[in-house]
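Report on the structure
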Amino acid sequence: MSGTSSLDPVGILWGLGAAVGLTVYFFVSARVDGALPPIILSAGGMLVGAVSLGLVGLFGILPMHAEFGSGSLAGVKVPWWVALLGLILIATVFSYTTGVMAARALGSKVASFISLTEVLFAVLWAWLLLSELPGPVQLFGGLLIVLGVVLVRIDELRSARIRR
């Protein structure tokens, strides 16, 4: 590490919690033997998340408020409920359902590594849209992610050949 930055134990715990949740997500979503339909699995996860957020808001752990004015959807001014409906159907239902379907098609190991490319695309968009050039450490991390995806895919192909 350099400079005056330091590790925050609370941030580390949140990161570990997210890693555990992601691990469970990929193992559960990749199961195909007697598995739940993707929409039910996604809805269950969203319900748990909504109830959890509602409870932390109710007890004041996380301050929350809502406004019911107009919003913007694809550059068009719309009532708040139309923007909310778009957020629910496109960004949540469609995304999670197709994600579960993809995890089942790819398997949990490959799907989990492919999901890491989200970070690469975030860095790429930051570079293209905001001119935030990644530093050497970020570039090295991106190369490690790509290498990991390739190695996992090679292992999957090799395992499939051995099973035949």
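First, a word on what this report is: a plain description of the structure on this page. (Residues numbered from 1 in each chain as written. Predicted model: local features only at pLDDT ≥ 70, side-chain atom pairs only at ≥ 80, totals over all residues. Heavy atoms only, no water.)

1. A closer look at the overall build of the protein chain
Counting its secondary structure elements, the protein chain contains 6 helices and 2 strands. In terms of overall dimensions, the protein chain is more spread out than a globule: its C-alpha atoms have a radius of gyration of 20 Å, far above the 15 Å expected for 164 residues. Along the three orthogonal principal directions, the C-alpha set of the protein chain runs to about 60 × 50 × 35 Å. Looking at the protein chain as a whole, 13% of its 164 residues qualify as buried. At a minimum sequence separation of 6, the contacts of the protein chain that also span at least 24 residues come to 64%. As displayed, the protein chain has an accessible area near 12600 Å², and 74% of this comes from carbon and sulfur atoms. (Helix = DSSP H or I, 4+ residues; strand = E, 2+ residues; numbered from the N terminus. Rg over C-alpha atoms; globule rule 2.2 N^0.38 Å. Buried < 20%, exposed > 50% of the residue type's maximum accessible area, 1.4 Å probe, protein only. Contact = heavy atoms within 4.5 Å. Areas by Shrake-Rupley, 256 points an atom, 1.4 Å probe, with all protein chains shown as cover.)

2. Focus: helix α5 (residues 117-130)
For α5, spanning 14 residues, the distance from its first C-alpha to its last is 19 Å, which sits close to the expected 20 Å at 1.5 Å a residue. Downstream of α5 by one or two residues, S131 has phi in the positive range, about 60°. (Expected span 1.5 Å × (residues − 1).)

3. Examining the pairing of strand β2 (residues 76-79)
Direction of pairing for strand β1 (residues 70-73) relative to β2: antiparallel, over a ladder of 4 bridges. Across the sheet, the residue bridging to G71 is V78, located in β2. Between the antiparallel neighbours β1 and β2 lie 2 residues, among them A74 with a positive phi of about 55°. (Pairing = 2+ DSSP bridges.)

4. Remarks on a nonpolar patch on the surface
The grouping of I39, I40, F68, W80, W81, L84, L85, L87, I88, L89, I90 and V93 at the surface amounts to a nonpolar patch, some 1100 Å² of accessible area in total. Of all the elements in the fold, those that place two or more residues in the nonpolar patch are α2 (38-58) and α3 (80-106). Counting through the fold element by element, I39 comes out in helix α2. Given the relative accessible area of 41%, I39 is considered partly exposed. (Patch = residues over 30% accessible without salt bridge, like charges linked within 9 Å, V, L, I, M, F, W, Y side chains within 5 Å. Salt bridge = Lys/Arg side-chain N within 4 Å of Asp/Glu carboxyl O.)

5. Topic: the environment of L124
Position of L124 among the secondary structure elements: in helix α5. Taking the C-alpha atoms as reference points, L124 and L106, 18 residues apart in sequence, are found 24 Å from one another.

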